[in-house]
Amino acid sequence: MLDEDKAALTKQFPELSVRENCNYLAFNSSVSEFKKVLETLKDEFGYTFLSNLTAVDWDTPEQRFSVVYVLYNMESFEYVGVNVVCEDSENPEIESVADLWPAADWHEREVYDLFGIKFNNHPDLKRILMWEEYPYHPLRKDFPLAGKPTEFPSDDVRERMGTSVKPAPMAGGPFTAGTCGSMSAREPRAKDQSWNEKKEKPSEK
Amino acid sequence: MASGSEYGYNSKVEGNVVVTKLDAAINWVRKNSVWPMPMGLACCAIELMAAGGSRFDISRFGMEVMQFSPRQSDCMIVAGTVTYKMAESVRRIYDQMAEPKWVVAMGACASSGGMYRSYATLQGVDRIVPVDVYISGCPPRPEALLDGLMSLQKKIEREHSTVSLIKGRS
């Protein structure tokens, strides 16, 4: 973004502050103002493409969730990021941008599904990955990777098979793929092989 | 009939009569016309397709008729990661298959959840459907799949099909 464009934008929105980012220019905005900022970026500064829409759980008591918008300018080949902190940490809410970019529809559903951030005025806000009745939001920091015990999604399968959603066995830690070494060393495997189902985790002894 | 043999043939008997057990005859028919249904959910399905192609040629063993309808198949090959959300559909499709039916858990994910030790993944398809053969590998090579299906044929050979015809298969 040109310096004069940046000055014009910050003049129009005095609350906007530049956010430290090593990849592209980014701004901090507020829940009340961000949609106007995005609309201005789209209509007046040529950032017509919604490249990404996601959220971050900072795991702090205050200002826990922030929603991140990354826009792209097809003419100057530049990105710009807008970071919005949700006010409520328990039941975060934010305005939907699905009317500006139809692509935001499913992105917002995913953020709602995995972080539990409610998007106001969304055309059809329901879970997209987990099943409808699932009670948790798995990408929140207080949710364990293995999951929590829950009822099985389908009534008849649950009744006949007696199955339920159980936490996945985490022996040896999560599976990770290495980034260096030979191909065989980079294969996905349990991170810490010093413990498993039969041998206790060293730190829990 | 010689003991241990599934059929007996005596050239002195007029009319070329072959004596056998009903079980043996039914099982022989069943094992050589397994119609698999590909339940392709992840990368294992790619290996499954390779097994159906000319290089590995699944039809050498009498089970090349891949049916994409559960009504016309009797062996469900669960090839890939089964999520909890998908589990309902997998079970429903299994229910729609006509008896007798078998299930092959192809690969680490279908057998045990594999590397997906996570909140979203069913840790083994045997929690929702009865599995006959487990195939290891991530994904298994087509040869491993063929070997697993041949193991299934051997299993079918040993079944008491006549009893189940009268009493119903449990």
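Residues numbered from 1 in each chain as written. Chains lettered and ligands numbered in written order. Predicted model: local features only at pLDDT ≥ 70, side-chain atom pairs only at ≥ 80, totals over all residues.

Peer 1: Is there a simple way to explain the overall build of chain B in this structure?
Peer 2: What chain B contains, in helices and strands, is six helices and six strands. Across chain B, helices and strands are ordered from the amino to the carboxyl terminus as β-β-α-β-α-β-α-β-α-β-α-α. With respect to the principal axes defined by its C-alpha atoms, chain B has extents near 65 × 40 × 30 Å. Contacts in chain B between residues far apart in sequence, at least 24 positions, make up 75% of those at least 6 positions apart. (Helix = DSSP H or I, 4+ residues; strand = E, 2+ residues; numbered from the N terminus. Contact = placed C-beta atoms within 7 Å.)

Peer 1: It is not clear to me how the overall build of chain A should be interpreted in this structure. Could you clarify?
Peer 2: Along chain A, the regular secondary structure elements total four helices and nine strands. Along its sequence from the N terminus, chain A presents helices and strands in the succession α-β-β-α-β-β-β-β-α-β-α-β-β. Over its C-alpha atoms chain A spans a radius of gyration of 21 Å, topping by over 25% the 17 Å that the globule rule assigns to 205 residues. Referenced to the eigenvectors of the C-alpha coordinate spread, the extents of chain A come out at roughly 65 × 45 × 30 Å. Counting every position in chain A, which comprises 205 residues, the buried fraction comes to 21%. (Rg over C-alpha atoms; globule rule 2.2 N^0.38 Å. Buried ≥ 20, exposed ≤ 12 C-beta atoms within 10 Å, placed from the backbone.)

Peer 1: How should I be thinking about the pairing of strand β4 (residues 65-73) of chain A in this particular structure?
Peer 2: Regular strands show a simple pattern: their side chains alternate between the two faces of the sheet. Residues and elements named next belong to chain A. As paired elements, strand β3 (residues 49-57) and β4 share eight bridges and run antiparallel to each other. Note that in β4 the partner of A55 across the bridge is V67. Pairing analysis gives eight bridges linking β4 to strand β5 (residues 78-85), with the strands arranged antiparallel. Opposite N73, over in β5, you have E78 as the bridge partner. What sits between β4 and β5 in their antiparallel hairpin is a turn of four residues, with F77 showing a positive phi close to 55 degrees. (Pairing = 2+ DSSP bridges.)

Peer 1: In this structure, what is going on with the packing of helix α2 (residues 44-52) of chain B against helix α5 (residues 142-157) of chain B? I would like to understand it.
Peer 2: Angle between the axes and distance between the axes are the two parameters that describe a pair of packed helices. Residues and elements named next belong to chain B. Viewed as axis vectors pointing N to C, α2 and α5 meet at an angle of 75 degrees, and their least axial separation amounts to 8 Å. Considering the angle they form, α2 stands roughly perpendicular to α5. On α5, the residues that touch E47, L48, A50 and A51 of α2 are P142, L145 and L146. In terms of residue class, the contact of α2 with α5 is built from six nonpolar, no polar and one charged. (Axes fitted to C-alpha atoms, helices over the stretch in contact; angles between N-to-C directions. Parallel < 35°, antiparallel > 145°, perpendicular 65-115°, else oblique. Nonpolar A, V, L, I, M, F, W, Y, C, P; charged D, E, K, R; others polar.)

Peer 1: Would you mind showing me how to read the interface of chain B and chain A here?
Peer 2: It is common to give the size of an interface as the accessible area that goes away when the parts come together. Taken together, the contact pairs 15 residues of chain B with 18 residues of chain A. A per-class count over the side of chain B that touches chain A returns six nonpolar, four polar and five charged.

Peer 1: I would appreciate a short explanation of the domain arrangement of chain A in the present structure.
Peer 2: Examined at the domain level, chain A breaks down into domain 1 (3-142) and domain 2 (144-196). Centre-to-centre separation of domain 1 of chain A and domain 2 of chain A, based on C-alpha positions: 31 Å. (Domains from an automatic or database assignment.)

Peer 1: It is not clear to me how the pairing of strand β2 (residues 25-29) of chain A should be interpreted in this structure. Could you clarify?
Peer 2: Residues and elements named next belong to chain A. Pairing geometry for strand β1 (residues 17-19) and β2, over three bridges, is antiparallel. Of the residues in β2, the one forming a bridge with V18 is F27. What sits between the antiparallel neighbours β1 and β2 is a turn of five residues. Here five bridges tie β2 to β5, and the two strands are oriented parallel to one another. Within β5, the residue paired with S29 across the bridge is V84.

Peer 1: Would you mind showing me how to read the nonpolar core here?
Peer 2: Counting residues in each nonpolar core, the largest one holds 42 residues, and the members touching the most others are I77(B), V78(B), V104(B) and M106(B). Those elements that place two or more of their residues in this core are β3 (36-40), α2, β4 (75-79), α3 (84-96), β5 (102-106), α4 (107-112), β6 (133-135) and α5 of chain B. Core analysis: the next-biggest nonpolar cluster, separate from the first, contains 28 residues, L41(A), L71(A), V82(A) and I117(A) among them. (Core = buried A, V, L, I, M, F, W, Y, C linked by C-beta atoms within 7 Å.)

Peer 1: Would you mind going over the sheet that holds β6(B) with me for this structure?
Peer 2: Strands belonging to one sheet form pairs held by backbone hydrogen bonds; the direction of such a pair is parallel or antiparallel. Residues and elements named next belong to chain B. The strand order β3-β4-β5-β6 describes an open sheet built from four strands, whose pairing is parallel. Each edge of the sheet is formed by a strand with only one pairing partner; in this case those strands are β3 and β6. Adjacent strand axes in the sheet meet at a mean angle of 20 degrees when their direction is disregarded. Relative to β5, β4 is paired through five bridges, and the arrangement is parallel.

Peer 1: What is the right way to look at the sheet that holds β1(A) in this model?
Peer 2: Residues and elements named next belong to chain A. Strand order in the open sheet formed by five strands is β1-β2-β5-β4-β3, with mixed pairing between adjacent strands. Of all the strands in the sheet, the pair left with one neighbour each is β1 and β3. Taken pair by pair, the neighbouring strands of this sheet meet at an average axis angle of 30 degrees, ignoring direction. Strands in contact with helix α3 (residues 104-115) are β3 and β4; relative to β3, the strand with the most contacts, it is inclined by about 10 degrees.

Peer 1: Looking at this structure, I do not really get the packing of helix α1 (residues 22-31) of chain B against α5(B). What am I missing?
Peer 2: Residues and elements named next belong to chain B. Where α1 contacts α5, the two axes come as close as 8 Å, and the packing angle between them is 160 degrees. Between α1 and α5, the interaxial angle falls into the category roughly antiparallel. For the pair α1 and α5, the sense of crossing is right-handed. Note on element contacts: α5 touches α1 through Q153, I156 and E157, opposite N27, R30 and K31. (Left-handed = near helix turned anticlockwise from the far one by under 90°.)

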